Amino acid sequence: MIKKCLFPVAGYGTRFLPATKAMPKEILPVLDKPLVQYGVEEAMQAGLTDIAFVTGRGKRAIEDHFDVSYELEHQIQGTGKEKMLEGIREVINTCTFSYTRQIQMRGLGHAILTGRTVIGDEPFGVVLADDLCFGEGSGVLDQMVKLFKQFRCSIVAVEEVPEDETHKYGVIAGEALSDSLFRVTDMVEKPAPGDAPSNLAIIGRYILTPDIFEVLEHTAPGKNGEIQITDALLQQAQDGCVIAYKFKGQRFDCGSVQGYVEATNFCFQRYLAGEQQIGGQSGLAN
Ligand code: G1P
């Protein structure tokens, strides 16, 4: 039912300089796979196979990653290295990819609004690829798509964070519908310590209904002078309904060096347990 997934990837990745000086942060690998491929695979597993990127200057490596490299294919044809490309080949064969450019960096809300031209008038997922998620049972987006079938309104994924970290996130307040579901009553972008309405922080997974575009058109710049998706979602919550979902699984902030290292360690343990491959091979085989 939801087929499209938007990846805002125009951001500069300044938290990861100098690594991201000449390379998109989304191409940084965790083990042998770029962050953005993890995100696209999560979308694909949720049935969202129309992948749309809001891209920007210096991000062409992302387009090349989701395309065939004939020279490379020719070079490794018939060798054992072919299996290293099996995962990305499956992604390329299963999904379609569209790109539109964000000319000015005016915030996440603005990036999502820029994606309107490739999304159109249907509900869609949003993945921020530097939040690397490993769902329990199924992927985080898949969990959210199932909820969308029930609620039919925008859904944000949240997790509990320590009080001294709420200033890094959009933070919600809500009426609890169950242990893991909240009907959003308030939402604040990056509240100062002490101003946060709860410790439930929004992470980089959203399902949005298309009326969000109309709301974003009229959303004034907010925190840091940027057009914030958090502000537009609060409007949707006030006009109708927005659900916050405490997802089952784990998430790593790979936009920070610490989160990136933690994700790498986590994935290496998965590899050793035979749950993830390196070079097309399971760690159990060694
Ligand atoms: C964005 C959103 C914020 C959200 C976060 C999740 O912030 O504006 O509400 O909590 O993503 O990663 P950014 O990290 O782009 O500053």
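Summary of the structure given here. (Residues numbered from 1 in each chain as written. Predicted model: local features only at pLDDT ≥ 70, side-chain atom pairs only at ≥ 80, totals over all residues. Heavy atoms only, no water.)

### Observations concerning helix α10 (residues 257–272)
Helical periodicity: at 3.6 residues per turn, an α-helix aligns residues three or four positions apart in one direction.
Working step 1: Here α10 spans 23 Å end to end across 16 residues, near enough to the 22 Å set by a 1.5 Å rise per residue.
Working step 2: For α10, the set of buried residues is Gly259, Tyr260, Ala263, Cys267 and Tyr271. What you see down the axis of α10 is that its buried residues fit within an arc of 115°, all on one side.
Working step 3: In this fold, the buried residues of α10 make contact with β2 (29–30), α1 (35–45), β7 (131–135), β13 (249–253), β14 (277–278) and β15 (281–282). (Helix = DSSP H or I, 4+ residues; strand = E, 2+ residues; numbered from the N terminus. Expected span 1.5 Å × (residues − 1). Buried < 20%, exposed > 50% of the residue type's maximum accessible area, 1.4 Å probe, protein only. Arc of directions from axis to C-beta. Contact = heavy atoms within 4.5 Å.)

### Focus on the site of the ligand
Working step 1: Asp131, Gly170, Glu189, Lys190 and Ile202 are the nearest of the 13 residues found near the ligand.
Working step 2: The backbone of Gly170 places a nitrogen or oxygen atom 2.9 Å from an oxygen atom of the ligand.
Working step 3: Summarising the interface, the protein chains cover 77% of the accessible area of the ligand, which totals 380 Å² for the free molecule.
Working step 4: Considering only residue class, the shell around the ligand consists of six nonpolar, four polar and three charged. (Near = heavy atom within 4 Å. Polar contact = N/O pair within 3.5 Å; in protein donor to acceptor, adjacent residues only side chain to side chain. Areas by Shrake-Rupley, 256 points an atom, 1.4 Å probe, with all protein chains shown as cover. Nonpolar A, V, L, I, M, F, W, Y, C, P; charged D, E, K, R; others polar.)

### Brief notes about the packing of α1 against helix α4 (residues 86–94)
Working step 1: Running from N to C, α1 and α4 cross one another at 50°; their axes reach a closest spacing of 11 Å. Judged on the interaxial angle alone, α4 and α1 are oblique. Helix-helix and strand crossings are classified by hand; for α1 and α4 the assignment is left-handed. Every residue of α4 that contacts α1 at Gln37, Val40, Glu41 and Met44 is listed here: Gly87, Ile88, Glu90, Val91 and Thr94.
Working step 2: Of the residues that constitute the contact of α1 with α4, the class distribution is four nonpolar, three polar and two charged. (Axes fitted to C-alpha atoms, helices over the stretch in contact; angles between N-to-C directions. Parallel < 35°, antiparallel > 145°, perpendicular 65-115°, else oblique. Left-handed = near helix turned anticlockwise from the far one by under 90°.)

### Observations concerning the side chain of Asp142
Working step 1: You can see Asp142 is positioned in helix α7 (residues 140–151).
Working step 2: Separated by 3.0 Å, the side chains of Asp142 and Ser138 make a polar contact.
Working step 3: Aside from chain neighbours lying at most four places away, what touches Asp142 is Gln45 and Ala46.

### A look at unusual backbone geometry
Working step 1: Following Leu17, the chain continues into Pro18 via a peptide bond in cis, with omega recorded as 5°.
Working step 2: Here Pro18 lies in the loop between β1 (4–8) and β2.
Working step 3: Even without glycine at this site, Leu31 takes up a positive phi of about 55°.
Working step 4: Mapped onto the secondary structure, Leu31 falls in the loop between β2 and β3 (33–34).

### Thoughts on the environment of Gly280
Working step 1: Structurally, Gly280 can be placed in the loop between β14 and β15.
Working step 2: Separated by 200 residues in the primary sequence, Gly280 and Gly80 place their C-alpha atoms 9.7 Å from one another.
Working step 3: Not counting the four nearest positions on each side in its chain, Gly280 is found in contact with Lys83 and Met84.

### Notes on the pattern of salt bridges
Working step 1: Counted by the stated rule, this structure contains 16 salt bridges.
Working step 2: Between Lys59 and Glu26 there is a salt bridge, and its shortest N-O distance comes to 2.8 Å. Of the two residues, Lys59 is situated in the loop between β4 (50–55) and α2 (60–65) and Glu26 in the loop between β1 and β2; the sequence distance between them amounts to 33 residues. Note on accessibility: Lys59 and Glu26 belong to one class, buried. (Salt bridge = Lys/Arg side-chain N within 4 Å of Asp/Glu carboxyl O.)

Distances and angles like these do not, on their own, reveal function.
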